[in-house]
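Per-entry structural report
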Amino acid sequence: MSYLADNNEGVQHLLLGNEAIARGALEAGVKVATGYPGTPSSEIMESLSKVAHGRNMYVEWSINEKLAMEVAAAGSFARLRSMCVMKQNGVNVGSDFLLHLALTGTREGMVIIACEDPGAHSSINEGEARMFAGMLEIPLLEPGDFQELKDMVKWAFDLSEEIRNLVMVRSVTRLSHGSGNVKFGKLPEIDTNVDAGFQCDGFILDPDKGAMISMPVNHFHGRLQEKLKKAREIFEDCLFNTYNGVEKPELLIITSSACNLYCKEAIALLGVEDRVGLLKLGTTWPLPPELIKKNLSRTDNIFIVEEVLPIMEGNIKVLAAEMAPEIGVKNFYGKNAGNLPTSGELNPDLVLDALKTILSVEYEDMPESYKKKAQAVALTGAPNRELTFCPGCPHRASFWSIHGALKLDGRKGFVCGDIGCYGLGVLPTGFSTIKALHAMGSGIGVASGFGKLRQFGMDQAVVAVCGDSTFFHAGINGLLNAVHHSSDVTFIVLDNGGTAMTGFQPHPGLTVNAMGDEVPGLDIAAICGSLGIRVEIGDPFDLKGTQETLTELIQDKKGVKVLILRKNCALSPERKNKKDYEMHIDEGICLGENCGCNRLCTRIFRCPGLVWDQERKTSRIDEAICAGCGVCVDICPAEAIKKKEAA
Amino acid sequence: MRVFGSNELLKDVLERDLCIGCGACMELCPYLKSHRGKTAMLFPCTLPEGRCHAYCPKVEVNLDDLSLKFFDTSYEGTPLGSYRYVKTARAGEKVDNGDFQAGGTVSALMSFALKKGYLDAAVLTDRKGILPVPRLVTNPEDVFTCSSSKYTAAPTLLACNQAIKKGYKRTGVVGTPCQVLALAQMRSNPMKEKDFTDPVGLVVGLFCTWALDFRAFEAFISEHVDVNKITKLDIPPPPAESMEVFAGDDKIEISLDEIRQLIPETCSYCIDMTSEFSDISVGVLEGRPDINTLIIRTERGKNIVDEAQEEGYLVVGEIPEENLEHLIWAAGNKKKKALIKGKQDGLLNISEEDKRAYLRVNTKTIEKIIA
Ligand SMILES: Cc1cc2nc3c(=O)[nH]c(=O)nc-3n(C[C@H](O)[C@H](O)[C@H](O)COP(=O)(O)OP(=O)(O)OC[C@H]3O[C@@H](n4cnc5c(N)ncnc54)[C@H](O)[C@@H]3O)c2cc1C
Ligand code: SF4
Ligand code: SF4
Ligand code: SF4
Ligand code: SF4
């Protein structure tokens, strides 16, 4: 069994932040855990799925975040602690359900974990799920280190039960994907005799026995606000809100989450412990007013440090304005004053620079001359690496054909896409074929709209791409819309056999679930076929065939046409480290930079397995990198690239 | 001759809508392709000089250089170009009746040349439905499957590039004047390759005043009939002034005025009606839709016509004076109109560093024609 289920109380383990979250949930005795994969959140569910059977849990990768929330809510309604895990924009997807759930409330503890990605390391947005806590009127907890990730998640279940509503816990990339020592608490006994059930035959307004319905809204909204008030009271004495520093500092920093670590480091580096006090808030919504008042009273200079938008800053300022008659007018530093950026991730240096200015202290972390030298070395030393599809990736081949088909069509066609590895189709590695990139499933959604604009003179070819996991997540809605309205689009499902971008989590197309159990797999082709539209299935590695089919589909201007391009991801368990072919380039035949080729393979196709030999003026195969897929054979105009079946 | 790369081709020809889709730039590399009548650049190519630009008949065509190369004289701009004599012709008794456009002269000559081994392959234009498709033919009999005119512009010359790649050393080509012009550039070794030999064994040029844009034509015609059912298109000789479309059991007539709307702009810049850089040029004899007009331009053109005549593959006759006069008038008129347009649009003899000309001709000739 995984070390996550280690039942030695007090033992320390070095954990990934996401594992600490999972452990917190285990210590809380979570029974139902659901989620949708998304960096930086995926390892939480992966950790739980490993111990699911052993701990008598139900763990589910739902088809999207809204479903994940709904399934988790059912658990809570049926007297089971439940949680629901996603990345920042996942909360948007489920927010419609949450708006109603917040009103009906929960029964057994229910916690939503939102892992956010300031700096958008692996996102195409910098969404703020924190706003939802305010909008939904539910409590928001923000752990400030690895131990707190575990402890606060565990506590979140208690809090949820105390106020009878869901609680949101927010992590960020640096916490979720960082590692730290975590001291374990006790795991509850494995309860095999759970008596779950949804009691719904009581009086309609009875929170324990009535129905879960948000009407009359007036009543429930009032009740929701009572719950929030109760949370605020609890937060006044919450041990996760801590103050460190002298009694009356010159400057009070108020912070939360990963910024707690940055602030500590910046204060220590500057050696200003005697001038600066640090209030770390674990409960950032609703803010406990007495606690805030006590701390604001320490000084007149307040510096609020948080990532991306000044949400906490705004909330503190509201309280400060209300309290001004008692505590006086404060000078605020933070985002609005321009001390910190309102986009991108923070780090100790940014906090340190801001502190230097606010406190007028000198600090040089290293001599300027050294810094310059180091930067120069870093520039020359670091390989110039652009984002690219892996060697052997089916998406490169797919986009090659899509790009070609659109060019042949010649009507300035374009691709609408969404999120997945194939989103790299916006870059040269995908021949810059994707021209509109938005949320999960939005590719076909936006395309569905473009495909209706013929009556206004739009004659461009409209293509949408979506991955297999995304197809189930939200792509299917767009498809239904497009089919029902006879939109003129070609919809390409890039089926690589899993949720590749986030680590091959299963999705409804597969016959195994998160816990490794056998489940019925859903056939994308059959689903599309049932809509009465033309559905083709192709192998993206068959460049010629794919391009022919695609050109035909694109030029068939009437209605929705679907092409499913099936090939497992190069990193999938089925294909990883297995070469189909030994590849080789005949240097005598290679045309290189001459008219007739001009390095098509290494200049345009650009699989990392192909390299240009500047001295010999030919292309070569880099054996160590080449995945042996054999696709480049079919792009070479001179038949210089050769393949031999691998032994 | 000034040679540039595909970026200039894109700017000067494709983006200016001067491309006629002749196919000269295709099958040379993976970048340029034709799809249903439209030329597409699949990926950018960065070479500053390349064959695509060198061969294209719509940019930096130096008529003086070509004329010097093929006829030992700078371009004089006479209506029919350099030639030996003009005759009439039709297929001889050795040729089975075929579905010829006019007298079957073209098919008879190509088939004869293949049969006699003067050519090892022939580049022709077949059709798939109403789409004209290039064909590389080696069997003399297959020539007849490509008989009759396709009224839309075709990427015929890509088959010539294929033939060269396949190693054919004496390829015969049948093409419109723009194609024959591209071929002339191809044959004059513009890339200055060492060990270059002319891979073309015979050029039979067609007369041409226009070809239609395939996509525009297809879109237009599909408003009238189901395109998949079309079996034959024909433009009967004047005074009919219409195109006949046969689809299933139906026959519909469309006025030529409507059809002419589908002529691409680039044809109005075209100065050549009779394929001046061919060995032999063939058109229809005015008033006699079953007989061809034949222009013999070169020694080898003359030899093959003579031999085909001797062996019963071709019947050659004298051309009536008024037909010749009218031909000269029509060809001269086309040249004049095109040159005036080219000059007005600033496409002739441009010498600025970053601009390319459509045509280069000595100013004496331009003045003579336009006057
Ligand atoms: C687009 C076009 C416009 C023409 N305009 C005129 C004109 O205005 N006046 C005139 O006198 N003659 C014109 N002709 C030429 C004429 O119609 C006949 O092609 C010519 O007279 C030869 O007749 P034939 O019976 O010997 O041809 P056939 O023996 O029937 O052979 C016809 C040959 O033409 C070739 N061909 C057919 N379509 C095309 C095409 N689209 N592009 C290139 N090659 C093709 C085929 O490969 C075939 O070998 C035109 C031809 C074309 C293709
Ligand atoms: S595509 Fe072929 S000919 Fe061109 S550089 Fe690569 S190996 Fe050489
Ligand atoms: S320069 Fe040569 S390789 Fe480049 S597009 Fe033109 S023909 Fe192709
Ligand atoms: S060579 Fe022919 S097909 Fe190519 S760009 Fe020029 S006119 Fe168009
Ligand atoms: S008119 Fe000129 S450019 Fe147009 S198809 Fe005929 S020969 Fe070509």
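All values reported here derive from a predicted model rather than from experimental measurement.

Looking only at helices and strands, chain A features 19 helices and 24 strands. The C-alpha atoms of chain A give 28 Å as radius of gyration, which agrees with the globular expectation for 647 residues (26 Å, within 12%). The principal-axis extents of the C-alpha atoms in chain A amount to approximately 80 × 75 × 60 Å. When the 647 residues of chain A are sorted by exposure, 55% land in the buried category.

Turning our attention to the site of ligand 4. If you check the shell around ligand 4, you find 13 residues, and the closest are C19, C22, G23, C25 and C56 of chain B. Broken down by class, the residue content of the shell around ligand 4 amounts to nine nonpolar, three polar and one charged.

Take the interface of chain A and chain B next. A common way to express how large an interface is: the accessible area buried when the components associate. Residue-level contacts link 22 residues of chain A with 19 residues of chain B. Buried area between chain A and chain B, summed over both chains or domains, comes out near 1,600 Å², and the portion from carbon and sulfur atoms is 61%. Linking chain A to chain B there are zero salt bridges. Linking chain A with chain B are twelve residue pairs in polar contact (both at pLDDT 80 or more). Of all the secondary structure elements, the ones that give two or more residues to the side of chain A that touches chain B are α14 (394-409), α18 (543-555) and α19 (600-605) of chain A. For the side of chain A that touches chain B, the element with the highest residue contribution is α14 of chain A, accounting for six residues. A per-class count over the side of chain A that touches chain B returns nine nonpolar, eight polar and five charged.

Let's shift gears to the domain arrangement of chain A. Per the domain assignment, the segments of chain A are domain 1 (3-235), domain 2 (242-359), domain 3 (394-566) and domain 4 (581-645). In this structure, domain 2 of chain A and domain 4 of chain A have C-alpha centres spaced 57 Å apart.

Inspection of the region around ligand 2 gives I585, C590, L591, G592, C597, R599, C601, S619, C636, P637 and I641 of chain A as its neighbouring residues. Looking at side-chain class alone, the shell around ligand 2 contains eight nonpolar, two polar and one charged residues.

This paragraph deals with the sheet that holds strand β11 (residues 250-255) of chain B. All names here are of chain B. Reading across the sheet, the three strands line up as β9-β10-β11 and stay open at both edges, with antiparallel pairing between neighbours. Since the sheet does not close on itself, it has two edges, and those belong to β9 (230-234) and β11, each with one partner. For this sheet, the mean angle separating the axes of adjacent strands, direction not counted, is 20°. Direction of pairing for β9 relative to strand β10 (residues 242-247): antiparallel, over a ladder of four bridges. The residue of β10 that forms the bridge with L233 is V245.

Attention shifts here to the sheet that holds strand β3 (residues 58-61) of chain A. Residue and element names in this part refer to chain A. Taking strand neighbours across the sheet as the criterion, the seven strands line up as β3-β2-β4-β5-β7-β6-β12 in an open arrangement whose pairing is mixed. With one partner strand each, in any of the chains shown, β3 and β12 (283-285) form the two edges of the open sheet. Strand direction decides the pairing type here: strand β4 (residues 82-87) and strand β5 (residues 110-116), joined by six bridges, are parallel. Bridge pairing links C84 to I112 in β5.

All names here are of chain A. With twelve residues, helix α12 (residues 348-359) ought to run about 16 Å at 1.5 Å a step, and its terminal C-alpha atoms sit 16 Å apart, in line with that. Those residues of α12 lying buried are P348, V351, L352, A354, L355, I358 and L359. What you see down the axis of α12 is that its buried residues fit within an arc of 165°, all on one side. Along its buried surface, α12 packs onto β10 (251-255), α9 (259-270), β11 (276-280), β13 (301-305) and β14 (331-333).

With that settled, consider the pairing of β10 of chain B. All names here are of chain B. Most of β10 sits inside the fold, with five of its six residues counted as buried. Here six bridges tie β10 to β11, and the two strands are oriented antiparallel to one another. When the bridges of β11 are listed, V245 appears paired with I252. Count of turn residues in the β10/β11 antiparallel hairpin: two residues, of which G248 carries a positive phi of about 60°.

Here we come to helix α3 (residues 65-77) of chain A. Residues and elements named next belong to chain A. Counted at 1.5 Å a residue, the expected span for α3 with its 13 residues is 18 Å, and the 18 Å between its end C-alpha atoms agrees. For α3, the set of buried residues is E65, A68, M69, A72, A73, G75, S76 and F77. In this structure, the buried side of α3 is in contact with β2 (32-35), β4, α4 (88-104), β5 and α16 (468-484). Sitting at the head of α3, N64 places a side-chain oxygen 3.1 Å from the backbone nitrogen of K66. Where α3 ends, the next residue or the one after it, R79, has phi of about 70°, a positive value.

Residues and elements named next belong to chain B. Helix α6 (residues 177-187) packs onto helix α3 (residues 63-71) with a crossing angle of 70° between their chain directions and a minimal axis gap of 10 Å. In terms of their interaxial angle, α3 and α6 are classed as roughly perpendicular. Seen along the crossing, α3 lies across α6 with a hand that is left-handed. Contacts between α3 and α6 involve L63, L66, K69 and F70 from the first element and L181, A184, Q185 and R187 from the second. Residue composition of the contact of α3 with α6, by class: five nonpolar, one polar and two charged.

Below, the discussion takes up the pairing of β4 of chain A. Residues and elements named next belong to chain A. Burial within β4 is extensive, with six of its six residues counted as buried. Of the two faces of β4, both are covered, the one formed by S82, C84 and M86 as well as the one formed by M83, V85 and K87. Taking the sense of rotation as the criterion, the β-α-β connection linking β4, α4 and β5 turns out right-handed.

Another point: the environment of T145 of chain B. Residue and element names in this part refer to chain B. By the element assignment, T145 lies in the loop between β6 (131-137) and α5 (157-165). Look at T145 and you get partly exposed, because its relative accessible area is 45%. With 19 residues separating them along the chain, T145 and D126 place their C-alpha atoms 7.1 Å apart. With residues up to four places along the chain from it excluded, the contact list for T145 reads D126 and R135. Polar side-chain contacts of T145 include one of 3.2 Å to the side chain of R135.

The rules behind the values
Residues numbered from 1 in each chain as written. Chains lettered and ligands numbered in written order. Predicted model: local features only at pLDDT ≥ 70, side-chain atom pairs only at ≥ 80, totals over all residues. Heavy atoms only, no water. Helix = DSSP H or I, 4+ residues; strand = E, 2+ residues; numbered from the N terminus. Rg over C-alpha atoms; globule rule 2.2 N^0.38 Å. Buried < 20%, exposed > 50% of the residue type's maximum accessible area, 1.4 Å probe, protein only. Near = heavy atom within 4 Å. Nonpolar A, V, L, I, M, F, W, Y, C, P; charged D, E, K, R; others polar. Contact = heavy atoms within 4.5 Å. Buried area = accessible area lost by both parts, 1.4 Å probe. Salt bridge = Lys/Arg side-chain N within 4 Å of Asp/Glu carboxyl O. Polar contact = N/O pair within 3.5 Å; in protein donor to acceptor, adjacent residues only side chain to side chain. Domains from an automatic or database assignment. Pairing = 2+ DSSP bridges. Axes fitted to C-alpha atoms, helices over the stretch in contact; angles between N-to-C directions. Expected span 1.5 Å × (residues − 1). Arc of directions from axis to C-beta. Parallel < 35°, antiparallel > 145°, perpendicular 65-115°, else oblique. Left-handed = near helix turned anticlockwise from the far one by under 90°. Right-handed = clockwise from strand over helix to strand, strands pointing away.

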